[in-house]
Amino acid sequence: MTAFSTTGHSTSGLSPIGLSTTARPTARSVLARLLVPAIAVASLAAGPALAQESGEVARIEVLSGVVTVVREAGDVAASPGLHLLAGDSLETAAGARAELLFADGTTLVVGPEAEVKLEDYLLAADGSREHGAVTLVEGVVRAVVAPGPADSFAIQGQAAVASVRGTE
């Protein structure tokens, strides 16, 4: 088989991914081939644990309008991809909304003129939720909660608590 480079020249003897099929591998290339997959697997396995250690509980996936994250260190203009920490509050202006994604797959959509506080979100070693608590200070939220233990997710409002008991 003949492969072609991006310049259009024939690269006979090269595999489709551009590695020579006849050259002897160097120590550096062997080490790279072994370490890169190992590091990738380790980072995937450690992902939830790393998020837990840093206090990250969710990430902003989608937003429209003016959304502000209130932190101890000061207010931050929200943007897609911004990681939210335990203790952060999210405030949406009139006509704004934000969609949050938690590490276990739970999503929380915060409607316009709302304020929510992310109290805590604890994950098990396998990445599943052990406990999640959100306070709805004002406004409207919609939650699609990932499977987890009974009573492991709650939204506390001024007059009531919404808690997930099961999936049926």
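As the structure is a prediction and not an experimental result, all values here were calculated from the model.

Here we take up the pairing of strand E5 (residues 89-92). Summarising the sheet, strand E2 (residues 67-71) and E5 pair through 4 bridges and their orientation is antiparallel. Counted as the bridge partner of Thr68 is Glu91 from E5. Relative to strand E8 (residues 115-123), E5 is paired through 3 bridges, and the arrangement is antiparallel. Among the inter-strand pairings, Glu91 is bridged to a residue of E8, identified as Glu115.

Here the focus is the sheet that holds strand E1 (residues 56-64). Spatial strand order, E4-E1-E6-E7-E10: 5 strands in an open sheet with antiparallel pairing. Since the sheet does not close on itself, it has two edges, and those belong to strand E4 (83-85) and strand E10 (141-144), each with one partner. The mean inter-strand angle of the sheet, taken between neighbouring strand axes irrespective of direction, is 25°. With 4 bridges joining them, strand E6 (residues 97-102) and strand E7 (residues 107-110) adopt antiparallel strand pairing. The residue bridging Leu100 from the neighbouring strand is Leu108, located in E7.

Calculation criteria
Residues numbered from 1 in each chain as written. Predicted model: local features only at pLDDT ≥ 70, side-chain atom pairs only at ≥ 80, totals over all residues. Heavy atoms only, no water. Pairing = 2+ DSSP bridges. Helix = DSSP H or I, 4+ residues; strand = E, 2+ residues; numbered from the N terminus. Axes fitted to C-alpha atoms, helices over the stretch in contact; angles between N-to-C directions.

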